[in-house]
Structures are given as structure tokens and as C-alpha cells.
Amino acid sequence: MRSATALRARIERASISIGIGQHQYSKWSTHSCWLNSNGTYRFPIFLQIQRHVSTGSSTNRNNDNNARFKSADRLLGRTCMITGGSSGIGFAVAERFLQEGAEKVILVGRSYERLLSAAERLRGIATSKQVSASGGDDAAVATRSPEEDSEEIAKERERDHGSLLSRQELSPGSLVAATDNISLLVGDVSSADQWMRELEKEMENVDVLVNAAGISISNILPKTDTVDISRILSTNLEGAILTSRAMLRACVRSRLKKRGDATTEDKRSDLSLSKCIINISSLLALKGVTGTVTYAASKAGLLGLTRSVAVEAAETLRGVTVRSNAIVPGYIETPMIEDFSSDRISKLKDSIPLKRFGYPQEVADAAVFLASNEYANNCVLNLDGGLSAV
Ligand SMILES: NC(=O)c1ccc[n+]([C@@H]2O[C@H](COP(=O)([O-])OP(=O)(O)OC[C@H]3O[C@@H](n4cnc5c(N)ncnc54)[C@H](OP(=O)(O)O)[C@@H]3O)[C@@H](O)[C@H]2O)c1
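Remember, predicted model here, so these are calculated numbers, not experimental data. Throughout this description, residue numbers start from 1 for each chain and increase along the sequence as written. Only residues with pLDDT of 70 or above have their local features reported here, since the model is predicted, and side-chain atom pairs are shown and tallied only from 80 upward, although totals for entire chains, interfaces and linings are computed over all residues.

A.B. asks: Explain the overall build of the protein chain to me, using residue names and the numbers behind them.
C.D. replies: Helix and strand definitions here come from DSSP, where helices need a minimum of 4 consecutive H or I residues and strands a minimum of 2 consecutive E residues; each element is numbered from the N-terminal end. Of the regular secondary structure elements, the protein chain holds ten helices and twelve strands. Counting only residues that meet the buried cut, the protein chain has 35% of its 390 residues in that class. It is the C-beta atoms, placed from the backbone, that decide contacts: two residues are in contact if theirs lie within 7 Å. In the protein chain, the proportion of contacts linking residues at least 24 apart, taken out of those at least 6 apart, comes to 76%. For every residue, the other C-beta atoms within 10 Å of its own C-beta are counted; 20 or more classify it as buried, 12 or fewer as exposed, and values in between as partly exposed. C-beta atoms are placed from the backbone.

Now the structure itself:
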């Protein structure tokens, strides 16, 4: 018999989504509610809400854009190393990989502070993924207010920051675990030879390597300094060669280690899922533009690297498949092109059939495809709004 006092009921997987200003708040989980005597439901005043973290790029448009991509756990259990993971395209790739269930992302960059800030922004994704992975009934029955929630997050940050910042003495190749799912590898890829031992050690568990670290210095060739030529080539091209070599060496080493005592099960699982290298090249590798000679040469070199690794890895590695692929972006809205003049931006946009620059999330979406499609090898994917056709 129903009394005036409300009966308690449970609603499975209730979903709530609230837009406040520019931010979208949402949460789904099992929530408690009360059934009133007149048959209507009464919800607790406060539902736990979680702010979606922002993307690496500062534009709100990019935040909105990120919501368009639906996760399907395509990288479940994979460990992914992303050079240039602290900003722009690399950051967006890390974000998407976590959304796709990657077990761990290792962000590589020169600045510990920038890596730490990226980890902060990524942390919400790792956490929300864990909450949803823990399933319906066991998921939080949340009745904290937003204020209580943000106090708790602030306290957590303070605790974590304390332990991370006490490790400021970082030599190249230092690895810092920011969370269970996010590690930071502090190092300059252009001089990766100096911290190769650390890089190769970390590479042992890496399934997907994304070479996104890159710099661009615009100048016509007669006016370009030799130092700048070296910096561009060693970061954009040599860096990717060194990280690729580290991955291939790690494959050889782990095979030698396993040989002899591997069970049939081990051998089967080795063969079922391949490893994958994804190089972020550029449309400038294929299309001549004034002021970009060295950059274009470095990006064209990445296409040669991609092609040769696809063949060599298949011929020389035993028991493990390494696929090698490239993305060829046109103009993408990241800090790399932030200093373009408005006049240049409008002329460039006008020349693109889709009349806009791409978003880093759109490049990240291509990276998810290349990382998860087991037949993608020497797949060179251009993503330029149609500019390559002009
Ligand atoms: N944005 C575009 O329009 C566009 C178009 C085509 C291709 N791309 C390519 O896409 C890749 C990502 O660029 P982005 O647009 O995302 O630029 P971005 O926002 O400037 O990011 C570049 C990233 O590379 C890292 N990096 C630079 N030099 C490094 C080094 N020596 N060692 C380790 N990390 C280094 C940076 O971190 P630290 O500075 O902290 O080291 C940063 O995380 C680049 O290879 C770029 O050439 C970009």
C-alpha cells in the first residue's frame, strides 16, 4: 500500500544534460528517486554533474566540435604514445584515444609544465571513462551538489599536484605518471638519441605511436638560417625516425624475450592485434607554397618514412605486425597557425573548397581509424577540406 510518504524507486541509467553558458554538463548513471503517492517521480535536488574537459585548442568551437565524435571503445586496452601530445593535433589525438578506451596515453613534449597542463585537461576523460566502464548499478548514486563536487576536484588536484610538482628535477627521458591512464615523457624528439634508452624502455608496451611533434618556421629559402633548417628537419623528420626506430627495436627485443617460453595463447594474441605508427605529415609535403621549403621537405620525408617502414617491418619483424600510416592535414586550427594574419587566413579559407580550416578533432578521428583498422598499412589519408584537389 502506498503511504503519503514517498516510496523509493530506482531509475536505470537516467540521463541528464544541462547547458550552462558555453559549457555542457552531463551525467548518466543510476540515480535514486522517489515515487510520490500520485504516481509521479521526485528526483533529488542535486545530481552529480561533470564538466566536459576542454580540448587542447583554446577555441570553444573546437569544444563543441569534439562532441560530434561518438566513442565506440575502438582502442580498448591499447597503450599509445603521442609525441606533441601537449597541444593542438597531438592533444586532440590523446583525448580521442582515451575516449576510445585506450588503457594509457603517454604524452611526449619538451615542456613538463605544458605536458602537466595537458594531463589536467585530459583527466576528466580518463575519469569519466572509468566511471562508465564500471557499469550501471554500481555506478555512483550521486547526490552531491555541483559546489561539493568542484571542492572535491580541487582537493584532488592539490594532492596530485603536490606529488607531481615535487619532481621538478627532470632530465630528458623522465617519465611521470600523471594519472593511471596518462603518463608524461619529458623530452625533445630532435635529440631523442640522448635519451634513447628511456624511450626504448617506454616503447616496450606501446601499441600505437603517433608522431605529431612538429615545428614550422616560415621564411623564403635564401633567408633561412642553417640553424632553423636543422631544427625543422631534426624535429619533424629525424624525431619521427628515432621514435619509429625505438618502436621497432622494442618489438625485436620483446620477441627475443618471449622466444622459448611463449605459450600458444601468447603467440596467438601477438598476431591478432598489430602495432601501428601514425605520422602527421602535411599537405605542404605535396603542394608547393612559398616560404615553406624546409618544412615541406621534412613532411615529404615523413611520407617516405611511412612507406618504407610498412615494407621493412613486414619483411624483418617476426611474430609482430607493425603497420605504418600517415595523415596529411591541410590547415588545422591549432596554435601552430595562430599567428597567421587575418588577411592571410581569409585568403586561405577562400581557397579551400570547404571554406574553413579543419579542427584538430577531425585529424584525431582519422588517427582513430588508422589505429584501429587492421588493414590500414601505408594508408596516406589526406584531410584538407578539398584543398589538395585545387
Ligand atoms: N596546424 C596545422 O595547420 C598543421 C597542418 C599540417 C600538419 N601539421 C602538423 O601537425 C603536427 C602537430 O602540429 P599542431 O598544429 O598541433 O601544432 P602545435 O599545437 O604547435 O603542437 C606542436 C606539439 O609538438 C611539440 N613539440 C614541438 N617540438 C618538439 C620537440 N622538439 N620535441 C618534442 N615535442 C615537440 C609541442 O610541445 P612542446 O613545445 O612543449 O615541446 C606541441 O605539443 C605537427 O607535426 C605539424 O607539422 C599541422
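A.B. asks: Give me the lowdown on the site of the ligand, citing residues and values where you can.
C.D. replies: Using a C-beta atom placed from the backbone, a residue is described as near a molecule or strand when that atom lies within 6 Å of it. In the region of the ligand, 31 residues are neighbours, and Gly-84, Gly-88, Arg-110, Gly-214 and Thr-334 sit closest. Contributing elements (two or more residues each) for the shell around the ligand: α2 (88-99), β6 (104-109) and α6 (226-258). The dominant element in the shell around the ligand, judged by the number of residues it contributes, is α2, at three residues.

A.B. asks: Lay out the pairing of strand β8 (residues 182-186) in plain terms, naming residues and giving numbers.
C.D. replies: Moving residue by residue along a regular strand, the side chains alternate between the two faces of the sheet. Within β8, five of the five residues are buried, which leaves the element mostly enclosed by the surrounding structure. A two-sided burial pattern is seen for β8, the buried positions comprising Ile-182, Leu-184 and Val-186 on one face and Ser-183 and Leu-185 on the other. The pairing of β6 with β8 spans five bridges and is parallel. Residue pairing in the sheet places Val-108 in a bridge with Leu-185 of β8. Criterion used throughout: strands pair if DSSP finds at least two bridges between them. Bridge analysis of strand β7 (residues 174-177) against β8 gives four bridges, and the strand direction is antiparallel. Note that in β8 the partner of Val-176 across the bridge is Leu-184. Where β7 hands over to β8, the hairpin turn is made up of four residues, counted between the paired strands.

A.B. asks: Quick one: what's the story with the nonpolar core, residue by residue and with numbers?
C.D. replies: By size, the foremost hydrophobic cluster in this structure holds 74 residues, and its most contacted members are Ile-82, Val-93, Val-105, Leu-107 and Ala-367. Here the element with the most residues in this core is α6; it accounts for nine residues. Residues in contact with Val-105, not counting those within four places in the same chain, are Cys-80, Ile-82, Gly-85, Ala-94, Phe-97, Leu-98, Asn-181 and Ile-182. For this entry, the nonpolar core is defined as buried Ala, Val, Leu, Ile, Met, Phe, Trp, Tyr and Cys residues connected by C-beta atoms within 7 Å.

A.B. asks: So, helix α8 (residues 293-316): which residues are in play, and what are the values?
C.D. replies: Expected span of a helix, by definition, is 1.5 Å for each gap between consecutive residues, and there is one gap fewer than residues. Across its 24 residues, α8 extends 34 Å between first and last C-alpha, which sits within 8% of the 34 Å expected from 1.5 Å per residue. Elements in contact with the buried residues of α8: α6, β10 (275-280), β11 (322-329) and β12 (380-383).

A.B. asks: Now, about the confidence of the model for the protein chain: what can you tell me, with residues and values included?
C.D. replies: When pLDDT is averaged along the protein chain, the result is 79; 67% of the residues meet or exceed 70. As a per-residue quantity, pLDDT reports the predictor's confidence and falls between 0 and 100. Scored below 50 in pLDDT, residues 134-150 shows 27 contacts in the model against residues more than four places distant or in partner chains.

A.B. asks: Tell me about the pairing of β11, and name the residues and values.
C.D. replies: Within β11, eight of the eight residues are buried, which leaves it mostly tucked inside the rest of the structure. Burial of β11 is two-sided: the residues Val-322, Ser-324, Ala-326 and Val-328 facing one way and the residues Arg-323, Asn-325, Ile-327 and Pro-329 facing the other way are all buried. Bridging between β10 and β11 involves six bridges; their strand directions are parallel. Residue Ile-277 lies in a different strand from β11, and its bridge partner there is Ser-324. Orient the strands so they point away from the viewer; a crossover is then right-handed if the path from the first strand over the helix to the second runs clockwise. At this point the chain moves from β10, through α8, to the parallel β11, and the crossover so formed is right-handed. Bridge count for β11 against β12 is four bridges, and the pairing is parallel. By the bridge assignment, Ala-326 is partnered in β12 with Val-380.

A.B. asks: Quick rundown of unusual backbone geometry? Include the residues and the values.
C.D. replies: The backbone of Lys-355 sits at a positive phi, close to 60°, despite the residue not being glycine. Turning to its location among the elements, Lys-355 is positioned in the loop between α9 (342-351) and α10 (360-372).

A.B. asks: With reference to specific residues and values, describe the sheet that holds β12.
C.D. replies: The sheet built from eight strands is open, its strands ordered β7-β8-β6-β5-β9-β10-β11-β12 with mixed pairing. Of all the strands in the sheet, the pair left with one neighbour each is β7 and β12. Taking the axes of each pair of neighbouring strands and ignoring which way they run, one obtains an average angle of 20° across the sheet. Note on geometry: axes are lines fitted to C-alpha atoms, helical ones only across the stretch in contact, with angles between N-to-C directions running from 0 to 180 degrees.

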